[in-house]
Amino acid sequence: MSRQRSRGFTLIEVMVAFAIFGVLSVLAYQALAMSMTNAEILEDRMNRLQDIQQTMRLLGRDIVQAAPRPVRDALSDELRPAFAVSPGGEFALEVTHAGWPNPAGIRRSTLQRSAYRIDDGTLIRLYWNVLDPALGNEPLVTELLEDVDSIAFRFYVGSGQWAEQWPPVGAGGPAAAFTRPRMVEVTLTLADEGELTRFFEVAP
């Protein structure tokens, strides 16, 4: 009775198997690394879009709820307009608006004075705890959005006419400090997204 001799792997076969295994391992690692990189890019993208949406939502809320209530300047005691945008000003936008929540029921106004400006490429929002702040009343600051190149506003005044600042040029007298635009065009220019424009109608 003849015995069938078992045949093992040769050295060349073992080396070929290891080579194939190595190639497959490298491909699998590259695919995993690419998937993780794509997941991180997607997460960063989603976070960026969420920050942009939140910024526009907050800006829109303050604009829509703008109130005809000017505030007194801490230095000169003059009235600062309820809604103010002027080229070269300290802030890109100053606005008195409603909607300041008061869950603790503190005896204070539901109106709030807020302002927006760009510091080192970051759009920030400032607000004061009192409407007519004194010199010691420092605003609270919230960073909203990074990589902001500029923010611009236009104001619809009626009859197809738009103004580049508010109160509009030529709107003199004490009543100008109480006026509000009917509609505001907000244009954010971002380093990665370019120009983003939104329109907000001021509540009557």
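The structure displayed is predicted, hence computed values, not measured ones.

(A) Up close: the packing of aromatic side chains. Summed over the entire model, instances satisfying the criterion amount to 6 aromatic pairs. Consider the rings of Phe 83 and Phe 155, whose centres lie 5.8 Å apart with planes at 85°: the pair is edge-to-face. Here Phe 155 lies in strand 8 (residues 148-158) and Phe 83 lies in strand 3 (residues 83-84), a separation of 72 residues in the sequence. A relative accessible area of 0% places Phe 155 in the buried class. One aromatic cluster is present, formed by Phe 83, Phe 153, Phe 155 and Trp 166 through successive ring pairs. Taking NZ or CZ as reference, Arg 154 lies 4.5 Å from the ring centre of Trp 162, over its face.

(B) Examining the sheet that holds strand 9 (residues 161-163) more closely. Strand order in this open sheet of 4 strands is 9-8-10-11, and the pairing throughout is antiparallel. With partners counted over all chains shown, the strands left at the sheet margins are strand 9 and strand 11 (194-201), one partner each. Strand-to-strand, the axes of this sheet are offset by a mean angle of 25°, without reference to chain direction. Bridge count for strand 8 against strand 10 (residues 183-190) is 8 bridges, and the pairing is antiparallel. Bridge assignment links Tyr 156 to a residue of strand 10, and that residue is Met 183. Taken strand by strand, helix 1 (residues 11-64) contacts strand 8, strand 10 and strand 11, and its axis lies near 30° from that of strand 11.

(C) Summary view of unusual backbone geometry. The linkage connecting Trp 166 with the following residue, Pro 167, adopts the cis geometry, with an omega of -5°. Mapped onto the secondary structure, Pro 167 falls in the loop between strand 9 and strand 10. A positive phi angle, near 50°, is found at Asp 120, a position not held by glycine. Looking at Asp 120, the relative accessible area reads 84%, which means it is exposed. Unlike most non-glycine residues, Asp 147 shows phi in positive territory, near 55°.

Scoring rules and cut-offs
- Residues numbered from 1 in each chain as written.
- Predicted model: local features only at pLDDT ≥ 70, side-chain atom pairs only at ≥ 80, totals over all residues.
- Heavy atoms only, no water.
- Phe/Tyr/Trp six-rings, centres within 6.5 Å; stacked < 30°, edge-to-face > 60°.
- Helix = DSSP H or I, 4+ residues; strand = E, 2+ residues; numbered from the N terminus.
- Buried < 20%, exposed > 50% of the residue type's maximum accessible area, 1.4 Å probe, protein only.
- Lys NZ or Arg CZ within 6 Å of the ring centre and 35° of its normal.
- Pairing = 2+ DSSP bridges.
- Axes fitted to C-alpha atoms, helices over the stretch in contact; angles between N-to-C directions.
- Contact = heavy atoms within 4.5 Å.

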